[in-house]
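# Structural features, examined
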Amino acid sequence: MLNEKSVLVTGASRGIGRAIALYFARNGAKVAVNYSGSEAKANEVVNEIKENGGTAFAIKADISSSEDVTNMVKTVVEEFGSLDVLVNNAGITRDNLLMRMKEEDWDAVINTNLKGVFLTTKAVTRQMMKQRKGRIINIASIVGVSGNAGQANYVAAKAGVIGLTKTAAKELSSRGITVNAIAPGFIETDMTGKLEEGIKSEMLRSIPLARFGQPDDIASAAAFLASDASSYITGQTLHVDGGMVM
Amino acid sequence: MADVLDRVSKIVVDRLGVDASEVKPEASFKEDLGADSLDVVELVMELEDEFELEISDEDAEKIATVGDVVNYINSKQ
């Protein structure tokens, strides 16, 4: 499905990003596994891909730094000879009620989750415009659509990503580049693993499909958006949330 | 000078699909050669590759005509 496509996945050492990197590699893609802090985890992902006969390498970059991002994209293009797909997945949380949220927690989340997507998109666009072809997939969040108490910074960033997705889609469509977002609902990762059972069962009641999603639910949706099968889709936000928000 | 104009002209003809005779120094990319904003961004990218230089966003915004490009490149070489 993704044979020989060269892909950069940000924040690919853990959780959803890790699942996307592994899933894409299983489907034939060459994968650049970006990480910021967890080098060992990123190397595990690379090793797993290589053990299964795939192509991958790990690359460190703080996506909120334009210098890091420019160097990362340059390295990926040098390594793979092209850059067909960018998956903007890296993200952080600094949850708190609005009244208690510190300015630095607001800035940190906006810088990584929103500005980071702007910087990586800008950096890959040059290469994709030359190729007259490219796919950009932004991992937003269902709370960017619905809002969520305690996550003003995260929600603002994710809603921003959805707006950025639509604008980039309009600007780049004439050059064969599609830009779409995925809005995951509750996906079982380290993040949701920490929640109390009471809160979990409460959440389950709001999900029509009555189960939490798995990282591979997001990975398979991303693979579809990266594949030639989705060439007529751009500027969209695909909800992968068990029907939570319709 | 002629060499730079020739090289610029070739890129403009390729990119914008115009006739070489239209690519005169006074020709405006947007008004005369049918380029949109994104075309100009792409032209700047190709010029950077062709002449192995980096054109800052500030300088790129000042480029309106074929002559602007030729003068800019000559000033950098």
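Residues numbered from 1 in each chain as written. Chains lettered and ligands numbered in written order. Predicted model: local features only at pLDDT ≥ 70, side-chain atom pairs only at ≥ 80, totals over all residues. Heavy atoms only, no water.

It is worth spelling out the environment of Thr234 of chain A at this point. All names here are of chain A. Within the secondary structure layout, Thr234 lies in the loop between α9 (215–226) and β7 (237–240). Expressed as a C-alpha distance, the spacing of Thr234 and Leu164, which sit 70 residues apart in the sequence, is 12 Å. With sequence-adjacent residues up to four places away left out, Thr234 is seen in contact with Ala169, Ile177, Thr178, Val179 and Asn180. A distance of 3.0 Å separates the side chain of Thr234 from the backbone nitrogen of Val179, its partner in a polar contact. (Helix = DSSP H or I, 4+ residues; strand = E, 2+ residues; numbered from the N terminus. Contact = heavy atoms within 4.5 Å. Polar contact = N/O pair within 3.5 Å; in protein donor to acceptor, adjacent residues only side chain to side chain.)

Quick look at the pattern of salt bridges now. Counted by the stated rule, this structure contains 16 salt bridges over all chains. A salt bridge links Arg26 of chain A to Asp216 of chain A; the shortest N-O distance between them is 3.6 Å. Residue Arg26 of chain A is located in helix α1 (residues 15–26), and its partner Asp216 of chain A is located in helix α9; the two are separated by 190 residues in the primary sequence. Assessed through its relative accessible area of 55%, Arg26 of chain A is described here as exposed. The partly exposed category is assigned to Asp216 of chain A, whose relative accessible area is 36%. A salt bridge links Asp49 of chain B to Lys130 of chain A, with the shortest nitrogen-to-oxygen separation between them at 2.9 Å. With Asp49 of chain B in helix α2 (residues 37–51) and Lys130 of chain A in helix α4 (residues 103–131), this residue pair bridges two chains. Given the relative accessible area of 43%, Lys130 of chain A is considered partly exposed. Overlapping salt bridges bring together Arg126 and Lys130 of chain A together with Glu48 and Asp49 of chain B as one network. (Salt bridge = Lys/Arg side-chain N within 4 Å of Asp/Glu carboxyl O. Buried < 20%, exposed > 50% of the residue type's maximum accessible area, 1.4 Å probe, protein only.)

Turning our eyes to something else, we now look at the interface of chain A and chain B. At the interface, eight residues of chain A touch nine residues of chain B. Together chain A and chain B conceal approximately 730 Å² of surface at their shared face, both sides included; 45% is due to carbon and sulfur atoms. Among the residues chain A hides against chain B, the three largest losses belong to Arg126, Met129 and Arg175 of chain A. Together they make up 63% of the total. Where chain A packs against chain B, one counts six salt bridges. (Buried area = accessible area lost by both parts, 1.4 Å probe.)

Attention shifts here to the pairing of strand β3 (residues 55–60) of chain A. Residue and element names in this part refer to chain A. The pairing of strand β2 (residues 30–35) with β3 spans six bridges and is parallel. Following the sheet pairing, Asn34 is matched in β3 by Ile59. With helix α2 (residues 39–51) bridging β2 and the parallel β3, this β-α-β connection has right-handed handedness. (Pairing = 2+ DSSP bridges. Right-handed = clockwise from strand over helix to strand, strands pointing away.)

What follows concerns the packing of aromatic side chains. All names here are of chain A. Scanning the model with the defined rule gives two aromatic pairs over all chains in all. When the centroid spacing of 5.4 Å and the interplanar angle of 70 degrees are considered together, the rings of Phe57 and Phe80 count as edge-to-face. Remark: Phe80 occurs in helix α3 (residues 66–80) and Phe57 occurs in strand β3; sequence separation between them is 23 residues. We note that Phe57, like Phe80, is buried. A ring pair is formed by Phe186 and Phe212, whose centres lie 6.5 Å apart and whose planes are at 65 degrees; its orientation type is edge-to-face. (Phe/Tyr/Trp six-rings, centres within 6.5 Å; stacked < 30°, edge-to-face > 60°.)

Time to look at the nonpolar core. Residues and elements named next belong to chain A. Counting 35 residues, the largest nonpolar core has Ile20, Phe24, Val31, Val33, Val87, Ile137 and Ile182 as the members making the most contacts within it. Elements with a contribution of two residues or more to this core: β1 (6–9), α1, β2, α2, β4 (85–88), β5 (134–139) and α9. The residues touching Phe24, leaving out its near neighbours within four places in the chain, are Leu2, Val7, Ala29, Val31, Val85, Val87, Ala219, Ala222, Ala223 and Ala226. Counting 26 residues, the second largest nonpolar core, distinct from the first, contains Leu8, Val69, Met129 and Ile136. (Core = buried A, V, L, I, M, F, W, Y, C linked by side-chain atoms within 4.5 Å.)

Quick look at the packing of α1 of chain A against α2 of chain A now. All names here are of chain A. Running from N to C, α1 and α2 point in directions that differ by 15 degrees, and their axes come no closer than 10 Å. Taken together, the axes of α1 and α2 lie roughly parallel to each other. For the pair α1 and α2, the crossing hand works out as right-handed. Touching Arg18, Ala21, Leu22 and Ala25 of α1 are Val45, Glu48 and Ile49, all from α2. (Axes fitted to C-alpha atoms, helices over the stretch in contact; angles between N-to-C directions. Parallel < 35°, antiparallel > 145°, perpendicular 65-115°, else oblique. Left-handed = near helix turned anticlockwise from the far one by under 90°.)

Turning our attention to the sheet that holds β5 of chain A. All names here are of chain A. Strand order in the open sheet made by the seven strands is β3-β2-β1-β4-β5-β6-β7, with parallel pairing throughout. The open sheet terminates on both sides in strands that have one partner only, identified here as β3 and β7. Within the sheet, the average angular offset between the axes of one strand and its neighbour, ignoring direction, is 20 degrees. Sheet analysis places β4 next to β5, joined by four bridges and oriented parallel.

Of the residues in chain B, 97% have a pLDDT of 70 or more, and the chain-wide mean is 91. Scored as a complex, the prediction yields pTM 0.93 and ipTM 0.82. (pLDDT = per-residue confidence, 0-100.)

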